[in-house]
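This is what each chain is made of:
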Amino acid sequence: MHAIPDFCGTIGNTPLIRLNRLSELTGCEILGKAEFLNPGGSVKDRAALGIVEDAEKKGLLKPGGTIVEGTAGNTGIGLTLVGNAKGYKTIIVIPNSQAPEKMELLRNMGADVRPVPPAPYSNPDNYNHIAQRTAEEIENAFWANQFDNTANTDFHFSTTGPEIWKQTGGDVTAFVTAIGTGGTLAGVSRYLKSQNSSVNTVCVDPFGAAMWSWFKHGHLDFDDGDSIAEGIGQGRVTDNVALAEIDTAYRVHDRHMMAIIRHLTREEGLFLGPSSGINVGGAVKVALAGGPGQTIATILCDSAQKYMSRIFDPTWLTENDLPPEDLSVEGMIDEMRSDL
Ligand code: PMP
């Protein structure tokens, strides 16, 4: 028998894929961890399983209980599927600015979806605070708290990090990814540093987030610009971000992210969402900054399917100040080189 015992056993152990054209153009090995192949379709299946298993161990989540979470979507999908497989109900509080595909998916998977107007973290009506209050009001409910629950980082430390180390035969020289909760970056950066302290660990930020500012300048003051990328773009130092061991940081423009997404779809067969475009853009910046010969790993977070009504709609793109089509990856690399 080689059968996997249950749904949860299918999370993780994703392939590491060489991005051929970008590797050739930069003289580096640029490698993408195919997290979109997780059963719920994103890197967040890992955080969901890690947080649920940790809560079970600590007795915070009891049989028949309810998992409550504030999420931009992917963590909600992971929690709902893990919850279904383990016999828990899920309540998902989601900002109503998120792509409608994600809310539809969550409803069809059986979550109780509660869209709320977007509000800053400092506002008591921010989706995370609503999720916390909701969990407190319901009997036998557990607030997953993905941003500050470090079971998120722990799971990436014990799975994603070791997988990348093994899949590169210990040859990885750099790791780069963007931050939503910071769990992926913290867990993987800590693991890779524990194996080889000279691995270059890098945060890549979309514009409109403050993590580049934090890691480059030690304050959160530079949060200028904007991005259409969902699931990333953090403005505060979460407990997971605080655990990250980071050497440097870059920012990637949405125009470059879009050029990468189109290129990966058409020339590599990889149909990926905006945060993957930001991550691969970060990997290209690391390649250009450090020069040929590096082995750079990044995260391919989720598929483009959830964002199709936006990123492939010329009207939506124009409304969001993005030209429908204007840049090859070669042109993008030239622009990035002059940005460094
Ligand atoms: N990409 C997408 C599409 C996501 O949903 C998330 C998580 N919100 C991330 C990237 C970032 O992952 P993490 O929370 O581990 O920082």
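Residues numbered from 1 in each chain as written. Predicted model: local features only at pLDDT ≥ 70, side-chain atom pairs only at ≥ 80, totals over all residues. Heavy atoms only, no water.

Caption draft 1: Up close: the sheet that holds strand β5 (residues 112-116). Reading across from one edge, β5-β4-β3-β6 is the order of the four strands in this open sheet, with parallel pairing throughout. One side of each edge strand has no neighbouring strand; the edge strands of this open sheet are β5 and β6 (141-143). On average, each strand axis in the sheet is tilted by 20° relative to the strand beside it, whichever way the strands run. Looking at chain direction, strand β3 (residues 66-70) and β6 are connected through three bridges and run parallel. From the neighbouring strand, Thr 66 faces β6, where its bridge partner is Ala 141. Docked against the sheet, helix α5 (residues 127-137) engages β3, β4 (89-95), β5 and β6, running at close to 160° with respect to β3. (Pairing = 2+ DSSP bridges. Helix = DSSP H or I, 4+ residues; strand = E, 2+ residues; numbered from the N terminus. Axes fitted to C-alpha atoms, helices over the stretch in contact; angles between N-to-C directions. Contact = heavy atoms within 4.5 Å.)

Caption draft 2: Here's a closer look at the site of the ligand. In the neighbourhood of the ligand, 15 residues make up the surrounding shell, with Lys 44, Gly 180, Thr 181, Thr 184 and Ser 275 lying closest. A distance of 2.6 Å separates an oxygen atom of the ligand from a polar atom in the side chain of Lys 44. A distance of 2.6 Å separates an oxygen atom of the ligand from a polar atom in the side chain of Thr 181. Burial of the ligand by the surrounding chains reaches 96%, relative to a free accessible area of 400 Å². Considered class by class, the residues forming the shell around the ligand number four nonpolar, eight polar and three charged. (Near = heavy atom within 4 Å. Polar contact = N/O pair within 3.5 Å; in protein donor to acceptor, adjacent residues only side chain to side chain. Areas by Shrake-Rupley, 256 points an atom, 1.4 Å probe, with all protein chains shown as cover. Nonpolar A, V, L, I, M, F, W, Y, C, P; charged D, E, K, R; others polar.)

Caption draft 3: Representation of the pattern of salt bridges in the model. The tally for this structure, following the rule as stated, stands at 24 salt bridges. Between Glu 230 and Arg 310 there is a salt bridge, and its shortest N-O distance comes to 2.8 Å. Of this pair, Glu 230 sits in the loop between α9 (211-217) and β9 (248-252) while Arg 310 is found in helix α12 (residues 308-311), placing the two residues 80 residues apart along the sequence. On the accessibility criterion, Glu 230 (9% relative accessible area) is buried. (Salt bridge = Lys/Arg side-chain N within 4 Å of Asp/Glu carboxyl O. Buried < 20%, exposed > 50% of the residue type's maximum accessible area, 1.4 Å probe, protein only.)

Caption draft 4: Quick peek at the sheet that holds strand β7 (residues 174-177). Spatially, six strands are ordered β1-β2-β10-β7-β8-β9 in an open sheet, and the strand pairing comes out mixed. Two strands close off the open sheet at either side, each with one partner strand: β1 (16-18) and β9. Pairs of neighbouring strands in the sheet enclose a mean axial angle of 30°, with direction left out of account. Bridge count between β1 and strand β2 (residues 29-34): three bridges; the pairing is antiparallel. Residue pairing for β2: Leu 16 is matched across the bridge by Lys 33. Strand contacts of helix α7 (residues 160-167): β1, β2, β7 and β10 (295-300), with the helix running at about 140° to β2, the strand carrying the most contacts. Its contacts with the sheet put helix α11 (residues 274-290) on β2, β7, β8 (200-206), β9 and β10, and the angle it makes with β10 is roughly 170°.

Caption draft 5: Region of the structure containing helix α2 (residues 44-57). Look at α2: 20 Å from first C-alpha to last across 14 residues, which is about the 20 Å you get at 1.5 Å a residue. Counting buried residues in α2 gives 11 out of 14 residues, a clear majority hidden from the surface. By the burial criterion, the buried members of α2 are Lys 44, Asp 45, Arg 46, Ala 47, Ala 48, Leu 49, Gly 50, Ile 51, Val 52, Asp 54 and Ala 55. For α2, the elements touching its buried residues are β2, β3, α3 (74-86), β6, α6 (151-158) and α7. Among the residues trailing α2, Gly 59 stands out with phi positive, at a value near 75°. (Expected span 1.5 Å × (residues − 1).)

Caption draft 6: Representation of the domain arrangement of the protein within the structure. Its domain assignment divides the protein into domain 1 (7-37 + 159-339) and domain 2 (44-143). When each unit is reduced to the centre of its C-alpha atoms, the spacing between domain 1 and domain 2 is 25 Å. In this complex, domain 1 contributes 22 residues to the contact, which on the side of domain 2 involves 19 residues. Summed over both sides, the interface between domain 1 and domain 2 buries roughly 1,500 Å², with carbon and sulfur atoms accounting for 54% of that surface. Between domain 1 and domain 2 we count three salt bridges in total. Across the pair Arg 46 and Glu 163 runs a salt bridge, and its minimum N-O distance is 3.0 Å. Here domain 1 and domain 2 share 10 residue pairs in polar contact (both at pLDDT 80 or more) between them. Elements represented by at least two residues in the side of domain 1 that touches domain 2 include exactly α7 and α12. Broken down by element, the side of domain 1 that touches domain 2 gets its largest block of residues, three residues, from α12. (Domains from an automatic or database assignment. Buried area = accessible area lost by both parts, 1.4 Å probe.)

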